[in-house]
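# Descriptive structure summary
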Amino acid sequence: SGKLPPNQRVKWRGDSALGDEIVGGYYDAGDYVKFGFPMAAATTMVAWGAMDFKSSYQRAGQWDNVKAMIKWATDYFIEAHTSKYELVGQIGLGDVDHAYWGRPEEMTMRRPSLRISASKPGSDLAAETAAALAAASIVFKGDQANPEYSAKCLRHAKELYEFAEKYKGKYSDSIPDAAKFYKSWSGYQDEMAWGAAWLHRATGENSYRTKAMEITSILGSAGEISWDNKVEAVKILLAITTERQEYRDAARGFCQRILNCDTCKTNDGLVFIQPWGSLRHASNVAFACLAADAAGVTSIPYASAKHQINYILGENTRKFSYVVGLGSRYPTQPHHASSSCPIVGPCNWDNYRSTKPNPQVLRGALVGGPKSRDDNDYVDVRSDYVTNEVTTDYNAGFQSALAALLSTCK
């Protein structure tokens, strides 16, 4: 979203939403709302992969691109942090936006800014945005091209975490429109632990480590890692940064419980966690466990983690790649409005209903995937937003897992 830079690589896209209160950032999926919570979660996940597997990005010639990708989000978060205890958490209204099918460059619907504040708190949103900015500050530390940017990210991360601590509440209670699309089901304590853990990694300050450990001790366990739930992710992060045995045991236990659960997998070995965005869930687990393995946590089911990514790339009985543009068989009708539009001419609901492939190939996008433990429970149809939509958080863990796997290739 926003004023696109001259070197942006998606040439069929142009400037859009220049009238937003906060210009820039990312649209969350195949439509055009800017939901801050999943945007921040995706940014944290990408930054984690970038810092732990920098050599992979450099080897692939993508280091500058991943930094630009992260900075497009963090620039937006910094601008959205409009005062010490205020953060714009959403731009656009979900139902109004979803009533439009067309190009973002041509949309004319009202796009209000919705925010959290001292009177309308959102500890989960503030702490996740703090995590994203803290993680980004590590990525940009020592960047000679922009030496002050890391400190700027960290300053905002600290303020946002203070905001999350001082004014407690769920962001989806304060921004009801978000609750219809990205409700904070797990509450805010996991993000409070997550944000503190990232601030500890960024600053080395023991006060943040103590907070992260204290909150983590009351979190219990979870069966996923997602934009909403960071319970197991924070334990893996603490296993990496503190090397304490309790977290290493927790990381190992989670990875074994999920990746070795044969009754939880499809016949082709995909870890199936839930119907909506099944491949996103498998990718997130794969990445976090690969990160734990790379950090020396022993007995991580590496082969199963690797297989999740290979499955996505086409190692399945359908011989089907779930990454748009990759291989000989891949999704041609992703639920993504912009790529369904021709370069010229009208674009509307007729394009949505078309049975033809999207005119623009959304290269690299990961679709949702099978919606049950049946590997064939997937259709490449634009209208199926459960199996065939694309989102920024779908690609975040997947991209980071690819970087992790590349680091093991000689």
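Here, every reference points to the structure presented above.
One structure accompanies this document, and this report is about it. (Residues numbered from 1 in each chain as written. Predicted model: local features only at pLDDT ≥ 70, side-chain atom pairs only at ≥ 80, totals over all residues. Heavy atoms only, no water.)

### Let's talk about the nonpolar core
Selection criterion: By nonpolar core we mean a set of buried residues, namely Ala, Val, Leu, Ile, Met, Phe, Trp, Tyr and Cys, connected to one another through side-chain atoms within 4.5 Å. Residue burial is assigned from relative accessible area. The probe radius is 1.4 Å, only protein chains are included, and a residue is buried under 20% of its type maximum, exposed over 50%, and partly exposed in between. In this description a helix means any DSSP run of H or I spanning at least four residues, a strand means any run of E spanning at least two, and both kinds are numbered starting from the N terminus. We call two residues contacting when some pair of their heavy atoms lies within 4.5 Å.
By size, the foremost hydrophobic cluster in this structure holds 118 residues, and its most contacted members are Trp48, Ile70, Tyr161, Trp198, Ile236 and Tyr322. The biggest single contributor to this core is helix α5 (residues 123–140), with 12 residues. With sequence-adjacent residues up to four places away left out, Trp48 is seen in contact with Trp194, Trp198, Arg201, Ala233, Ile236, Ile240, Phe287, Ala288 and Ala291. Ala17, Tyr32, Trp101 and Ala337 belong to the second-largest nonpolar core, a separate cluster that totals 8 residues.

### What to know about the sheet that holds strand β1 (residues 34–35)
Worth spelling out the cut-off: A pair of strands counts as paired when DSSP detects no fewer than two bridges linking them. Helix axes use the C-alpha atoms of the stretch in contact, all axes being lines fitted to C-alpha atoms, and the angles between their N-to-C directions lie in the range 0 to 180 degrees.
Read across the open sheet, the 3 strands follow the order β1-β2-β3; overall the sheet is antiparallel. Each edge of the open sheet carries a strand with a single partner, namely β1 and β3 (113–117). Bridging between β1 and strand β2 (residues 86–91) involves 2 bridges; their strand directions are antiparallel. Bridge pairing links Phe35 to Gln90 in β2. The strands that helix α3 (residues 63–80) touches are β1 and β2; relative to β2, the one it contacts most, it runs at about 125°. Each of β2 and β3 is contacted by α5, which is oriented at about 95° to β2, the strand it contacts most.

### Some details on the layout of surface pockets
Selection rule: In this analysis the probe radius is 1.4 Å and the grid spacing 1 Å, with only protein atoms considered; a cavity is a set of points the probe fits into but cannot get out of, a pocket is an open set with protein on both sides within 12 Å along at least five of seven lines, and lining residues have an atom within 4 Å of a point. Grid points are joined across faces, edges and corners, and a volume is the space filled by probe spheres set on the points. For this classification, Asp, Glu, Lys and Arg are treated as charged, while Ala, Val, Leu, Ile, Met, Phe, Trp, Tyr, Cys and Pro are nonpolar and the rest, including Gly, are polar.
Quantified by volume, the largest pocket comes out at close to 1900 Å³. Along its surface, the largest pocket is lined by 50 residues, and Arg9, Val10, Tyr26, Met69 and Gln399 are the ones closest to its centre. Those elements that place two or more of their residues in the lining of the largest pocket are α1 (36–52), α2 (54–59), α3 and α17 (392–406). Considered class by class, the residues forming the lining of the largest pocket number 30 nonpolar, 14 polar and 6 charged. Counted as a void, the second largest pocket has a volume near 740 Å³.

### Side note on the pattern of salt bridges
What counts here: In the sections that follow, a salt bridge refers to a side-chain nitrogen of Lys or Arg positioned within 4 Å of a carboxyl oxygen of Asp or Glu.
Inspection of the entire model under this criterion finds 26 salt bridges. Glu232 serves as the salt-bridge partner of Lys235, at 3.6 Å between the closest nitrogen and oxygen. Residue Lys235 and its partner Glu232 are located together in helix α11 (residues 231–242), separated by 3 residues, close to a single helical turn. Summarising the burial analysis for this pair, Lys235 and Glu232 share the class buried. With a closest N to O distance of 3.4 Å, Asp384 and Lys371 form a salt bridge. Taken together, the residues span a long stretch of sequence, with Asp384 in the loop between α15 (349–353) and α16 (385–388) and Lys371 in the loop between α15 and α16 at a distance of 13 residues. For Asp384, a relative accessible area of 13% gives the class buried. Here the residues in one salt-bridge network are Asp20, Lys34 and Arg111, joined through shared partners.

### Quick notes on α5
The cut-off we apply is this: Given a helix with a known number of residues, its expected span is that number minus one, times 1.5 Å.
End to end, α5 covers 25 Å across 18 residues, agreeing with the expected 26 Å (1.5 Å per residue, within 8%). Summarising burial for α5: 17 of the 18 residues are buried, a large majority. Gly142 lies just past α5 and shows a positive phi near 80°.

### Quick look at the state of the cysteines
Where we set the bar: When two cysteine sulfur atoms are found within 2.5 Å, that pair is recorded as a disulfide.
With the rule as written, the count across this model stands at 3 disulfides. Residue pairing for Cys255: its cysteine sulfur links by disulfide to Cys289, the two sulfurs lying 2.1 Å apart. Looking along the S-S bond of the Cys255-Cys289 disulfide, the torsion reads about -100°, which is the left-handed sense. Residue Cys255 is located in helix α12 (residues 245–259), and its partner Cys289 is located in helix α13 (residues 278–294); the two are separated by 34 residues in the primary sequence. Judged by its relative accessible area of 0%, Cys255 falls in the buried class. Disulfide pairing places Cys261 opposite Cys264 at an S-S distance of 2.0 Å. Note on the Cys261 and Cys264 pair: the S-S dihedral is about 60°, so by sign convention the disulfide is right-handed. Judged by its relative accessible area of 27%, Cys264 falls in the partly exposed class. Sequence-ordered numbering of the bonded cysteines in the protein chain gives a disulfide pattern of 1-4, 2-3, 5-6. The structure places no disulfide on Cys409, whose sulfur is separated from the nearest cysteine sulfur, that of Cys289, by 18 Å.

### Some thoughts on α13
With 17 residues, α13 extends 24 Å from end C-alpha to end C-alpha; this agrees with the ideal 24 Å at 1.5 Å per step. Counted residue by residue, α13 has 15 buried out of 17 residues, so it is predominantly covered. After α13 finishes, the residue Gly296 shows a positive phi value of roughly 95°.

Keep in mind that these numbers describe shape and distance, not what the molecule does.
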